Amino acid sequence: MRCVYPRERREAVTTPLEVEIRRIIAVDGPMPVATYMALCLGHPVHGYYATRDPFGGGGDFTTAPEISQMFGELIGLWAAAVWHEMGAPDGLALVELGPGRGTLMADALRAVRVMPAFRAALSVHLVETSPVLQHMQHERLAGSGSPVIWHRHVAELTDAPMIVIANEFFDALPIHQAVRAADGWHERMIGVGPDGALAFALHPDPIRGLDAMLPEELAAAPIGSLYEWRSHEDIVELARRLVRRGGVALVIDYGHAASAAGETLQAVGRHAFADPLAAPGEVDLTAHVDFAALARAAEGAGARVHGPIGQGEFLRRLGIETRAAALKAAATPTQAAEIDAALARLTGGGRDAMGELFKALAIADPKLGALPAFDS
Ligand code: SAH
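A. Molecular detail of the overall build of the protein. Along the backbone of the protein there are 14 helices and 16 strands. Computed over its C-alpha atoms, the radius of gyration of the protein comes to 21 Å, within 12% of the 21 Å expected for a compact globule of 376 residues. By principal-axis analysis of the C-alpha atoms, the protein measures approximately 65 × 45 × 35 Å. Put simply, the protein has 376 residues, and 55% of those count as buried.

B. Representation of the side chain of His125 in the model. For His125, the location among the structural elements is in strand β3 (residues 122-127). Accessibility expressed as a relative area gives 5% for His125, which makes it buried. Engagement of the side chain of His125 in a polar contact is seen with the side chain of Thr158, the distance being 3.2 Å. Leave out the neighbours within four places in its chain, and His125 touches Ala93, Leu94, Val95, Glu96, Ile149, His151, Leu157 and Thr158.

C. Molecular detail of the packing of aromatic side chains. Taken as a whole and judged by the stated rule, the model has 9 aromatic pairs. Judged by centre distance (5.2 Å) and plane angle (80 degrees), the ring pair of Tyr48 and Tyr49 falls under edge-to-face. The residues Tyr48 and Tyr49 share a single accessibility class, namely buried. Note on Trp83 and Phe118: the rings are 5.2 Å apart at their centroids and 50 degrees apart in plane angle, and the pair reads as tilted.

D. Spatial organisation of a nonpolar patch on the surface. On the surface, Leu77, Val114 and Met115 cluster together into a nonpolar patch covering about 250 Å² of accessible area. With respect to the helices and strands, Val114 occurs in the loop between α6 (103-111) and α7 (116-121). Given a relative accessible area of 67%, Val114 falls into the exposed group.

E. The side chain of Arg230, seen in detail. Along the chain, Arg230 falls in strand β9 (residues 226-230). Buried within the structure, Arg230 lacks any salt-bridge partner; Asp171 is the closest side chain of opposite charge, at an N-O distance of 5.9 Å. In terms of polar contacts, Arg230 uses its side chain to reach the backbone carbonyl oxygen of Leu173, at 2.9 Å. In this structure the side chain of Arg230 is engaged in a polar contact, spanning 2.9 Å, whose partner is the backbone oxygen of His288. Discounting residues that sit within four places of it in the chain, Arg230 has contacts with Phe170, Asp171, Ala172, Leu173, Pro174, Ile175, Ala287, His288 and Val289.

F. The arrangement of unusual backbone geometry in detail. At the junction of Gly307 and Pro308, the peptide bond is cis and its omega measures out at 5 degrees in the coordinates. Its location among the elements puts Pro308 in strand β15 (residues 304-310). In this model, Ala88 sits at a positive phi of 50 degrees, which is unusual for a non-glycine residue. Tracing the backbone through its elements, the reader meets Ala88 in the loop between α5 (69-85) and β2 (92-97). Backbone geometry places Glu168, a non-glycine residue, at a positive phi of 50 degrees. Secondary-structure assignment places Glu168 in the loop between β5 (162-167) and β6 (175-181).

G. Geometry of the confidence of the model for the protein. Summing up the model confidence of the protein, the mean pLDDT is 94 and the portion of residues at 70 or higher is 96%. Contacts of residues 3-10 to residues separated by more than four positions or lying in other chains number 18 contacts, the stretch itself having pLDDT below 50.

H. Summary view of the pairing of strand β8 (residues 198-206). Here 6 bridges tie strand β7 (residues 184-192) to β8, and the two strands are oriented antiparallel to one another. Opposite His186, over in β8, you have Pro206 as the bridge partner. Where β7 folds back onto β8 in an antiparallel hairpin, the turn is made up of 5 residues, including Gly196, whose phi is positive at roughly 90 degrees.

I. Fine view of the pattern of salt bridges. Throughout the structure, instances matching the rule amount to 16 salt bridges. Taking the shortest distance from any N to any O, the salt bridge between Glu313 and Arg317 comes out at 3.0 Å. Residue Glu313 and its partner Arg317 are located together in helix α12 (residues 311-317), separated by 4 residues, close to a single helical turn.

Definitions and cut-offs
Residues numbered from 1 in each chain as written. Predicted model: local features only at pLDDT ≥ 70, side-chain atom pairs only at ≥ 80, totals over all residues. Heavy atoms only, no water. Helix = DSSP H or I, 4+ residues; strand = E, 2+ residues; numbered from the N terminus. Rg over C-alpha atoms; globule rule 2.2 N^0.38 Å. Buried < 20%, exposed > 50% of the residue type's maximum accessible area, 1.4 Å probe, protein only. Polar contact = N/O pair within 3.5 Å; in protein donor to acceptor, adjacent residues only side chain to side chain. Contact = heavy atoms within 4.5 Å. Phe/Tyr/Trp six-rings, centres within 6.5 Å; stacked < 30°, edge-to-face > 60°. Patch = residues over 30% accessible without salt bridge, like charges linked within 9 Å, V, L, I, M, F, W, Y side chains within 5 Å. Areas by Shrake-Rupley, 256 points an atom, 1.4 Å probe, with all protein chains shown as cover. Salt bridge = Lys/Arg side-chain N within 4 Å of Asp/Glu carboxyl O. Lys, Arg positive; Asp, Glu negative; His and termini not counted. pLDDT = per-residue confidence, 0-100. Pairing = 2+ DSSP bridges.

Next comes the structure, spelled out in structure tokens:
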């Protein structure tokens, strides 16, 4: 989970990516926050994900599938139930966006071993830009018994009925930021400040037409308010495919259910918050997912949206408590305590757990009826 521990002071270092970013700013002037975030995460040589495995105890942060096998197992069983609702089509693409270490998919495929018809109908499609993580996913899934195909972009996916899983994928996609002034919303940029360090600055001209695009909630935002948004290219592409060929996309991420003003851009390195401008390429950058905006984009492309519901509620409806009890029955006392701790972390409320902060949203072919866990 990218909600972490105490703040840590970092010494200023100039990373190789910062050198490159300064070169771009020197030529083109300040860059939008979205361009900076895309470079920090996705630069092919110096980008955060291009160069490392950020997960787990030795890494920068942890995620739900890395906390417990229960998470991927229950999502695997959910996918099998959805496939039945879809009429059990052959040639199903089981897609994961941003699969990290491949843990969720490995746990999901193991859990559905007891459903040979589902296993036989599916091939696995992973959308991943990081070569380091692609390699880890390859190793992790080599013995899974399912064909696995990699893609770099959603637009490259095969045209087939799909079940898509995206855990902590959308929070890593670049955000734009804008600040309201008397004459409109100005895009927030990154340039070089008077002290020579990278610094935020506002574009001198307001963004034309942004007011018309803003959600109603933002119409009365006071001067000084900050608004964040993402490109919805991927979600619109997925929604169109789901409407055309059938299927569902499950998005699990941290964020807010209603669009609102406020800054959520956050940098994390070595399990501690960091300054987003201090070490570009060396720390993870994420921002809350605006579930209302995601839902509007999917509905605009003809899909039906279910949820969002809290991650805790979603996992409880899928039977996480029963699964935890079954695992504990065969565990040592130490392992049983770990299972309890994982269960609390995945489903609990408040800022230190993921159960409420993280939400699950399903984007579905409107021809499908009720979805397991969302409408039951
Ligand atoms: N789902 C995993 C990993 C989440 S981290 C888990 O829950 O553990 C984000 C993942 O998205 C990483 O695998 C990262 O390499 C990938 N990623 C980030 N931006 C991407 C992009 N634009 N296209 C494809 N994959 C991306």
